[in-house]
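Chain and residue survey
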Amino acid sequence: MKKFNIKLTISLVSFFISLILLIFSGGNRVCIGIACWLLALALVFFTLSRRENTNELLKNLDEEIELSSQDDEDDSIDLEGERHKLVKNIKRTTFTMYFCATLLVIVGIFAFI
């Protein structure tokens, strides 16, 4: 049985609330600003959830690297390459999501003006 992931739940709830606010705002700037802020919150919590899952995957990969380094050198080189790609991918994804969340906060501020 999977455990309850509060970060993913917060992300989904804030996404759906922001979607409802955007659909039913009727051009109201306050609703659009709050919806942008909630979308930014959803992105941040989704990124935190993905990063947590990736860190668990990295732990498992590190254990496999330790086991394979004792057995076969070729497998450990392949696993090191996989680990490097995974770390690079999560860094790029995290930066992009935080950058987009920052832009959404700025758009939310400008929606009030």
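Up top is the structure.
First, a word on scope: everything that follows refers to the structure included in this document. Just so we're clear, the structure is a prediction, and the values are computed from it rather than from any experiment. Along each chain, residue indices are assigned from 1 in the same order as the chain's sequence is written. Note on the predicted model: pLDDT of at least 70 is required for a residue's local features to be given, and 80 or more for side-chain atom pairs to be given and counted; whole-chain, interface and lining totals, by contrast, use all residues. With hydrogens and water excluded, all non-hydrogen atoms of the structure serve as input to the side-chain values.

1. Structural notes on the overall build of the chain
Summing up its helical and strand segments, the chain has 3 helices and 0 strands in all. Every helix listed is a DSSP run of H or I at least four residues long, and every strand listed is a run of E at least two residues long, numbered separately from the N terminus. The secondary structure elements of the chain, listed N-terminal to C-terminal, are α-α-α. Against the globule reference of 13 Å for 113 residues, the chain gives a C-alpha radius of gyration of 19 Å, more extended than a compact globule. Reported as C-alpha extents along the three principal axes, the dimensions of the chain are approximately 65 × 30 × 15 Å. Long-range contacts, defined as pairs at least 24 residues apart, comprise 69% of the intrachain contacts of the chain with a sequence gap of at least 6. We get accessible surface area from the Shrake-Rupley algorithm with a probe of 1.4 Å; when it comes to residues, only the shown protein chains can shield them. With an accessible surface of roughly 8100 Å², the chain has 66% of that area assigned to carbon and sulfur atoms. In this tally, Asp and Glu contribute negative charge and Lys and Arg positive charge; neither His nor the terminal groups of the chain are included. By convention, charge coordinates are those of NZ in Lys, CZ in Arg, CG in Asp, or CD in Glu. A distance of 18 Å separates the average location of the 12 positive side-chain charges in the chain from that of its 14 negative side-chain charges. The reference for a compact globule is 2.2 Å times residues^0.38; the radius of gyration itself is calculated from the C-alpha atoms. Only heavy atoms enter the contact rule, under which two residues are in contact if any of them lie within 4.5 Å.

2. Describing the pattern of salt bridges
We count a salt bridge whenever a side-chain nitrogen from Lys or Arg sits within 4 Å of a carboxyl oxygen from Asp or Glu. Following the criterion strictly, the structure yields 2 salt bridges and no others. In this structure, Glu 52 engages Lys 7 in a salt bridge whose closest nitrogen and oxygen atoms are separated by 3.0 Å. With Glu 52 in helix H2 (residues 29-71) and Lys 7 in helix H1 (residues 6-23), this pair connects stretches of sequence that are 45 residues apart. Each residue is placed in one exposure class: buried if its accessible area under a 1.4 Å probe, protein chains only, is under 20% of its type's maximum, exposed if it is over 50%, and partly exposed if it falls in between. A residue is classified by how much of its surface remains accessible, and Lys 7, at 26% relative accessible area, is partly exposed. A salt bridge links Asp 62 to Arg 83; the shortest N-O distance between them is 2.6 Å. A residue pair is termed long-range when its members are at least 10 positions apart, and Asp 62 in helix H2 and Arg 83 in helix H3 (residues 73-112) qualify at 21 residues. For Asp 62, a relative accessible area of 28% puts it in the partly exposed group.

3. Observations regarding the packing of aromatic side chains
Two measures describe an aromatic ring pair: the distance that separates the ring centres and the angle between the ring planes. Only rings of Phe, Tyr and Trp enter the pairing, Trp through its six-membered ring, and a pair is recorded when the two centres are within 6.5 Å. The plane angle decides the type: under 30 degrees is stacked, over 60 is edge-to-face, the rest tilted. A full pass over the atoms with the stated rule returns 3 aromatic pairs. Between the aromatic rings of Phe 95 and Phe 99, the centroid separation amounts to 6.1 Å while the plane-to-plane angle is 15 degrees, which identifies the pairing as stacked. You can see Phe 95 and its partner Phe 99 sitting in helix H3, 4 residues apart, about one turn around the helix. On the basis of relative accessibility, which here comes to 58%, the residue Phe 95 falls in the exposed class.

4. Brief notes about the nonpolar core
One broad trend across soluble globular proteins is that nonpolar side chains are buried collectively. Here, the term nonpolar core denotes a set of buried Ala, Val, Leu, Ile, Met, Phe, Trp, Tyr and Cys residues that are joined through side-chain atoms within 4.5 Å. Leu 39, Ala 40, Leu 43, Met 97, Ala 101 and Leu 104 form the largest nonpolar core, which has 6 residues in total. Of all the elements in the fold, those that place two or more residues in this core are H2 and H3. Residues contacting Ala 40, with those up to four places away along its chain left out, are Ala 101, Leu 104 and Val 105.

5. Things to note about H1
Here, expected helix span is obtained from the residue count minus one, scaled by 1.5 Å. The end-to-end C-alpha separation of H1 is 26 Å, in line with the 26 Å expected for 18 residues at 1.5 Å each. Here H1 has its buried residues at Ser 11, Ser 14 and Ser 18. One side of H1 carries all its buried residues, which in axial view fall inside an arc of 75 degrees. Whenever a nitrogen or oxygen atom comes within 3.5 Å of another N or O atom, the pair is scored as a polar contact, on the condition that within protein one atom can donate a hydrogen and the other can accept it, and that pairs from neighbouring residues in sequence are kept only if both atoms are in side chains. Sitting at the amino-terminal end of H1 is Asn 5, which places a side-chain oxygen 3.3 Å from the backbone nitrogen of Lys 7. For this quantity, the arc is that covered by the directions from the helix axis to the C-beta atoms.

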